[in-house]
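# Structure assessment
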Amino acid sequence: MDNRAYGALGEEAAAAYLVRQGYKIIARNFRAGRMGEIDIIAKDGDTLCFIEVKSRSSYSFGTPAQAVSIQKQAAITRIAQVYMQDNRYCDVPVRFDVVELMMDREGNIKNISLIQNAF
């Protein structure tokens, strides 16, 4: 399985997991020009959540969440601001979460976890 398909499978699993946790998915793969994209935007109660999904097949390079660098966090924050302006969200609580998945290269999920307020 190539990396793009592997990542897409991880995002599908993450979205289903979030729905089971009570999140309401609002958007997926929101792109703001060349700034990048946010994997999942959802509501958790009244809180607007911007969620990065990271999938890995081993811990060779650390946990999946450790792959969300300071630069990636800054990009997600900027893209979230664009989304909020475009969709007229103001005075709503906002949170940045990470869903990390451990999957084998065939796409079988071994572990999935949610880190709320990841950054």
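The structure we're discussing is the one just above.
This section reports on the structure supplied with the text. (Residues numbered from 1 in each chain as written. Predicted model: local features only at pLDDT ≥ 70, side-chain atom pairs only at ≥ 80, totals over all residues. Heavy atoms only, no water.)

### Regarding the pairing of strand β5 (residues 109-115)
In this structure, strand β4 (residues 94-103) lies alongside β5, joined through six bridges in antiparallel fashion. The residue of β5 that forms the bridge with methionine 102 is asparagine 111. The loop that links β4 with its antiparallel partner β5 comprises five residues; one of these, glycine 107, has a positive phi angle of about 95°. (Pairing = 2+ DSSP bridges. Helix = DSSP H or I, 4+ residues; strand = E, 2+ residues; numbered from the N terminus.)

### Considerations on unusual backbone geometry
For arginine 88, which is not glycine, the phi dihedral falls at a positive 55°. By relative accessible area, which is 73% here, arginine 88 ends up exposed. The phi dihedral of aspartate 91 falls on the positive side, at around 55°, and the residue is not glycine. Positionally, aspartate 91 belongs in the loop between α2 (70-86) and β4. (Buried < 20%, exposed > 50% of the residue type's maximum accessible area, 1.4 Å probe, protein only.)

### Digging into the sheet that holds strand β2 (residues 37-44)
Ordered in space as β1-β2-β3-β4-β5, the five strands form an open sheet in which the pairing is mixed. A single partner strand is all that each edge strand has here, and the edge strands are β1 (24-31) and β5. Across the sheet, the mean angle from the axis of one strand to that of its neighbour is 25°, orientation sign disregarded. Examined bridge by bridge, strand β3 (residues 47-56) and β4 share nine bridges and lie parallel to one another. Bridge pairing links phenylalanine 50 to phenylalanine 96 in β4. Against the sheet, α2 contacts β1, β2, β3 and β4, and its axis sits at roughly 140° relative to β3. (Axes fitted to C-alpha atoms, helices over the stretch in contact; angles between N-to-C directions. Contact = heavy atoms within 4.5 Å.)

### Some thoughts on the packing of aromatic side chains
Within the structure shown, the criterion is met by five aromatic pairs. Their ring planes at 20° and their centres at 6.0 Å tell us that tyrosine 83 and tyrosine 89 sit as a pair that is stacked. (Phe/Tyr/Trp six-rings, centres within 6.5 Å; stacked < 30°, edge-to-face > 60°.)

Treat this as a map of the structure, not an account of what it does.
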